[in-house]
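Here is what each chain is made of, one letter per residue.
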Amino acid sequence: MPSPLEQHTHERAIADLQREHGSALFGFLLGLTYGDRQRAEDLLQETLVRAWQHPEALASDHGSMRPWLFTVGRRLAIDARRARRARPHEVGCDVLEQSALPDDHVERSVTALDVREAVKALRCEHRQVLTQVYFRGRSVAEASEALGIPAGTVKSRTYYALRALRKVLPGYGRDAA
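Everything numeric here is computed off the predicted structure, so don't read it as measured data.

Attention now goes to the overall build of the chain. Of regular secondary structure, the chain possesses nine helices and zero strands. When the helices and strands of the chain are read in sequence order from the N terminus, they spell out α-α-α-α-α-α-α-α-α. Relative to its full complement of 177 residues, the chain shows a buried share of 23%. By sequence separation, contacts in the chain at least 24 residues apart represent 57% of the contacts at least 6 residues apart. Accessible surface computed for the chain: about 13,000 Å², of which carbon and sulfur atoms make up 54%.

Structural data, given as structure tokens:
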């Protein structure tokens, strides 16, 4: 157990970390959470808790703690996202009562056929990227490795493939609702 003096020194170091890196780390985490301020704040606090739990990281001879903090924050964001995806979303009775009835089977089938035909019409490299990222659920890095192309190429091909799909499927985009 640390002495009261060591505890005070350690708490001061954490406060200094937050002052020096808190806003940059929050901005980084905000991007990882797609603008969800509450999640970003939670991740920021958890990152600082990890720094508090690992005083050896504070005592390292690195010039800046920022890379360590960003790595911990990114890993926490990934873990949180995986945890949310692994469990079903909880909804209350009032949400269920207000939700629309699911589309009928015929409409879903027609939509699936339309999308299938539109994807077939894409250029081969765009179709391959969409297959990896959307239909197989792979990350950009995983798709990059599977296709043997750089991650940036996966991102740009995905962008252009989705843009092409929006042109041939005008009734299915965000504007259709």
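Counted under the stated rule, the structure contains five salt bridges. Among the ionic pairs, Arg 50 bridges to Glu 46, the shortest N-O distance being 3.0 Å. With Arg 50 and Glu 46 both in helix α2 (residues 37-53) and four residues apart, this pair spans about one turn of that helix. Glu 46 sits in the partly exposed class, given a relative accessible area of 28%.

As a further point, take the nonpolar core. Counting 18 residues, the largest nonpolar core has Leu 17, Leu 25, Leu 29, Leu 44 and Leu 69 as the members making the most contacts within it. Of all elements in the fold, only α1 (4-32), α2 and α4 (66-86) reach the threshold of two or more residues within this core. With six residues, α1 is the largest single contributor of residues to this core. Beyond its immediate sequence surroundings of up to four residues, Leu 44 is in contact with Gly 22, Leu 25, Phe 26 and Leu 29.

Time to look at the packing of aromatic side chains. The relation between two aromatic rings is expressed through the spacing of the ring centres and the mutual angle of the planes. Under the definition given, this model contains two aromatic pairs. Both rings, one in Tyr 159 and one in Tyr 160, keep their centres 4.9 Å apart while their planes meet at 80°; by these two values the pair is edge-to-face.

For an α-helix, the turn length of 3.6 residues means that residues three or four places apart are oriented alike. Listed as buried for helix α7 (residues 124-135) are His 126, Val 129, Leu 130, Gln 132 and Val 133. Here the buried residues of α7 occupy an arc of 165° about the axis, which is enough to place them on one side. Within two residues after α7, Gly 137 carries a phi angle of roughly 65°, on the positive side.

Glancing now at the packing of α2 against α4. The axes of two packed helices give the description: the angle between them and the distance between them. Viewed as axis vectors pointing N to C, α2 and α4 meet at an angle of 125°, and their least axial separation amounts to 9 Å. As summarised for this structure, α2 and α4 are arranged oblique, according to the angle between their axes. At the point where α2 passes α4, the crossing takes the right-handed sense. Where α2 approaches α4, its residues Arg 39, Leu 43, Glu 46, Thr 47, Arg 50 and Ala 51 are matched on the opposing element by Trp 68, Leu 69, Val 72, Gly 73, Leu 76, Ala 77 and Arg 84. Looking at side-chain class alone, the contact of α2 with α4 contains seven nonpolar, two polar and four charged residues.

About the cut-offs
Chains are numbered independently. Their residues run from 1 in the order of the written sequence. For this predicted model, a pLDDT threshold of at least 70 governs which residues receive local features, and a threshold of 80 or more governs which side-chain atom pairs are given and counted, while totals over whole chains, interfaces and linings are taken from all residues. Excluded from the side-chain calculation are hydrogens and water; included are all heavy atoms of the structure. Where helices and strands are cited, they refer to DSSP runs of H or I of at least four residues and of E of at least two residues respectively, numbered from the N terminus. Burial classification: accessible surface area is computed with a 1.4 Å probe over protein chains only, and a residue below 20% of its type maximum counts as buried, one above 50% as exposed, and the rest as partly exposed. By the convention used here, residues are in contact when the closest approach between their heavy atoms is within 4.5 Å. In this description, accessible areas are obtained by the Shrake-Rupley approach with a 1.4 Å probe, and a residue is regarded as covered only by the protein chains that are shown. The working definition used for a salt bridge is a side-chain nitrogen of Lys or Arg within 4 Å of a carboxyl oxygen of Asp or Glu. Grouping buried Ala, Val, Leu, Ile, Met, Phe, Trp, Tyr and Cys residues that are joined through side-chain atoms within 4.5 Å yields what is termed a nonpolar core. Only Phe, Tyr and Trp rings take part, Trp by its six-membered ring, and two of them pair if their centres are within 6.5 Å. Stacked means planes under 30 degrees apart, edge-to-face means over 60, and tilted covers everything else. The arc in question is traced by the directions running from the helix axis to the C-beta atoms. Comment: axis = line fitted to C-alpha atoms, over the contacting stretch for helices; angle = value between 0 and 180 degrees taken between N-to-C directions. Roughly parallel covers angles under 35 degrees, roughly antiparallel covers those over 145, roughly perpendicular covers 65 to 115, and oblique covers all other angles. Should the near helix be turned anticlockwise from the far one by less than a right angle, the crossing is termed left-handed; should it be turned clockwise, right-handed. Following the grouping adopted for this structure description, the nonpolar residues are Ala, Val, Leu, Ile, Met, Phe, Trp, Tyr, Cys and Pro, the charged ones are Asp, Glu, Lys and Arg, and the polar ones are all others, Gly among them.

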